[in-house]
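If you want the building blocks of each chain, they are given just below.
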Amino acid sequence: MNRRRKRPSRKIIILLAAVVIFIGIIIGMAYPTIDQFRSLRITIHNQSDFDLTNVNASLVQGEGPVNSERDGSVYKLKKDIASGKKVKFTPRLSPSGESSVHLQFTDSRGEIHTKVVCGYTEYLSGKTYVNVTNDNITVKEECW
């Protein structure tokens, strides 16, 4: 009795490879749709000559800010961002309805900067890129 296993044919291997590639393409095409349901991620790229300290993200609802860590409307980043470094974080904020997200930080010269990093959100989802240089701060927001 010969109990040798039969090897799969080349046709079956090619078919399985095609199915895996097809599924990979579908997932890759669906990623932008899935990405919008992830929590808001903020990426700060400090290209300035100065370190960034006291970095916090806060919610603004309605007419003005609700600045309280206790109610979940302010998130303070625990570390400073050195010159030339890039930091990505997900602020833990608790929106209740329509809001915007503001980023505030102090550079090593002592200047305080505030920028809107998500102009309108109800769910705090998406992503925002903040690029800090010596001359300006640019924001690219993709939030929902």
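It should be emphasised that the depicted structure is a prediction, and the values quoted were computed from it without experimental measurement. (Residues numbered from 1 in each chain as written. Predicted model: local features only at pLDDT ≥ 70, side-chain atom pairs only at ≥ 80, totals over all residues. Heavy atoms only, no water.)

Enquirer: When you look at the overall build of the protein in this model, what are you seeing that I'm missing?
Expert: Looking only at helices and strands, the protein has one helix and nine strands in total. Along the protein, from the amino end to the carboxyl end, the secondary structure elements read α-β-β-β-β-β-β-β-β-β. Counting contacts in the protein only where the partners sit at least 6 residues apart, residues at least 24 apart contribute 56% of the total. Surface accessibility of the protein: about 10,100 Å² in total, with carbon and sulfur atoms responsible for 54%. (Helix = DSSP H or I, 4+ residues; strand = E, 2+ residues; numbered from the N terminus. Contact = heavy atoms within 4.5 Å. Areas by Shrake-Rupley, 256 points an atom, 1.4 Å probe, with all protein chains shown as cover.)

Enquirer: Just to check I follow, could you spell out unusual backbone geometry for this structure?
Expert: Note: most residues except glycine have negative phi, and most peptide bonds are trans. Positioned with a positive phi, Asn 54 is a non-glycine residue whose angle comes to about 50 degrees. When you line up the elements, Asn 54 lands in strand E2 (residues 52–61). Asn 54 gets classed as exposed once you look at its relative accessible area, which sits at 55%. The phi dihedral of Leu 124 is positive, around 50 degrees, even though this residue is not glycine. What makes Leu 124 buried here is its relative accessible area of 8%. (Buried < 20%, exposed > 50% of the residue type's maximum accessible area, 1.4 Å probe, protein only.)

Enquirer: I tried to follow a nonpolar patch on the surface on my own but got confused; where do I start?
Expert: Taken together, the side chains of Leu 15, Val 19, Phe 22, Ile 23, Ile 26 and Ile 27 present a nonpolar region at the surface, about 590 Å² in accessible area. The residue Ile 26 is located in helix H1 (residues 10–35) in this model. (Patch = residues over 30% accessible without salt bridge, like charges linked within 9 Å, V, L, I, M, F, W, Y side chains within 5 Å. Salt bridge = Lys/Arg side-chain N within 4 Å of Asp/Glu carboxyl O.)

Enquirer: I keep staring at the pattern of salt bridges and nothing clicks. Help me out?
Expert: Between side chains of opposite charge, a pair can form when the charged atoms approach closely. Summed over all chains, the structure comprises four salt bridges. Among the salt bridges present, the one from Arg 109 reaches Asp 107, with a minimum N-O distance of 2.8 Å. Assessed through its relative accessible area of 43%, Arg 109 is described here as partly exposed. Residues Glu 142 and Lys 127 are paired through a salt bridge, measuring 3.9 Å at the closest nitrogen-oxygen approach. With Glu 142 in strand E9 (residues 137–143) and Lys 127 in strand E8 (residues 126–132), this residue pair connects regions lying 15 residues apart in the sequence. For Glu 142, a relative accessible area of 26% puts it in the partly exposed group. On the accessibility criterion, Lys 127 (18% relative accessible area) is buried.

Enquirer: Even after reading the chapter, I still don't get the pairing of strand E7 (residues 112–121), so can you show me in this structure?
Expert: On a regular strand, one side chain projects to one face of the sheet and the next to the other, so that they alternate. Both strand E6 (residues 99–107) and E7 contribute to a ladder of seven bridges, which runs antiparallel. Residue pairing across strands places Leu 103 opposite Lys 115, the latter belonging to E7. The turn linking E6 back onto E7 is made up of four residues, and Gly 110 within it adopts a positive phi angle of 95 degrees. (Pairing = 2+ DSSP bridges.)

Enquirer: Would you mind going over the side chain of Ser 48 with me for this structure?
Expert: Along the chain, the position of Ser 48 falls in the loop between strand E1 (41–46) and E2. Given a relative accessible area of 3%, Ser 48 falls into the buried group. Of the polar contacts made by the side chain of Ser 48, one reaches the side chain of Asn 46; its length is 2.6 Å. With sequence-adjacent residues up to four places away left out, Ser 48 is seen in contact with Ser 83, Gly 84, Val 132, Thr 133 and Asn 134. (Polar contact = N/O pair within 3.5 Å; in protein donor to acceptor, adjacent residues only side chain to side chain.)

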